[in-house]
Amino acid sequence: MNPDLFPDSLASADALEQARIKSLQHQLIRLGDMLGDGLGDEPGGAWIKREYRAVAQALGHVPPRKRDVSRTNARVAEALQRMPCPGCGGMLQQTRSGALRAKCPRCAKTYQLTTQRKEPHR
Ligand SMILES: [Zn+2]
């Protein structure tokens, strides 16, 4: 028995929601299989993990991560003010909100910021 894809009557919001959830569940299974095969750890496979997480979250399986990035952003901004690009002396920019990575717009180098406080060499 095939479900009618285009019923004459208007599909209820409930039915649409059911269809959405069903398609998300299929997606989750497919992505889960890919992760099970180790594809998520291969180069270029990071999107599978991201996607899996996003779909799981859409289904309500994973509570949304409540991470306050404003403190990280403030610390990164502060650090970058004191720390010009080691390559060219340019002004580094945080790659994206919450990230501990900085990119130099001038020479396009990316740097990983560490969370430890390092004492300057004397
Ligand atoms: Zn630079």
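Notes on the structure follow.

**Description of the overall build of the chain**
Thinking step 1. The secondary structure content of the chain amounts to three helices and three strands.
Thinking step 2. Helices and strands in the chain line up, N terminus first, as α-α-α-β-β-β.
Thinking step 3. Split into buried and exposed, the 122 residues of the chain put 20% on the buried side.
Thinking step 4. By sequence separation, contacts in the chain at least 24 residues apart represent 30% of the contacts at least 6 residues apart.
Thinking step 5. Summing over all exposed atoms, the chain offers an accessible surface of approximately 10,100 Å²; the carbon and sulfur share of this is 53%.

**As for the coordination of the zinc ion**
In an ideal tetrahedron of four donors about a metal, each angle is 109.5 degrees. In an ideal octahedron of six donors, the angles are 90 or 180 degrees.
Thinking step 1. Binding of the zinc ion to the protein goes through Cys85 (SG), Cys88 (SG), Cys104 (SG) and Cys107 (SG), at separations of 2.2 to 2.3 Å.
Thinking step 2. For the zinc ion, the four donor atoms in the first shell make angles of 101 to 120° at the metal, a pattern classed as tetrahedral.
Thinking step 3. Between the donor residues of the zinc ion, the gaps in sequence give the motif C-x2-C-x15-C-x2-C. Pair noted here: Cys85 is in the loop between helix 3 (70–82) and strand 1 (93–94) and Cys104 is in the loop between strand 2 (101–103) and strand 3 (110–112), with a separation of 19 residues, a long-range link.
Thinking step 4. You can call Cys85 buried: its relative accessible area is 3%.

**Observations concerning the sheet that holds strand 3**
Thinking step 1. Across the sheet, three strands lie side by side as 1-2-3; this open sheet has antiparallel pairing. Pairing within the sheet leaves two strands with one partner each, and these edge strands are strand 1 and strand 3.
Thinking step 2. When strand 1 meets strand 2, the two strands line up antiparallel, connected through two bridges. Bridged to Gln93 within strand 2 is Lys103.

What counts, and at which threshold
Residues numbered from 1 in each chain as written. Predicted model: local features only at pLDDT ≥ 70, side-chain atom pairs only at ≥ 80, totals over all residues. Heavy atoms only, no water. Helix = DSSP H or I, 4+ residues; strand = E, 2+ residues; numbered from the N terminus. Buried < 20%, exposed > 50% of the residue type's maximum accessible area, 1.4 Å probe, protein only. Contact = heavy atoms within 4.5 Å. Areas by Shrake-Rupley, 256 points an atom, 1.4 Å probe, with all protein chains shown as cover. Donors = N, O, S within 2.8 Å, 3.2 Å for Na, K, Ca; no water. Tetrahedral: all angles 85-135°; square planar, octahedral: opposite > 155°, others 65-115°. Pairing = 2+ DSSP bridges.

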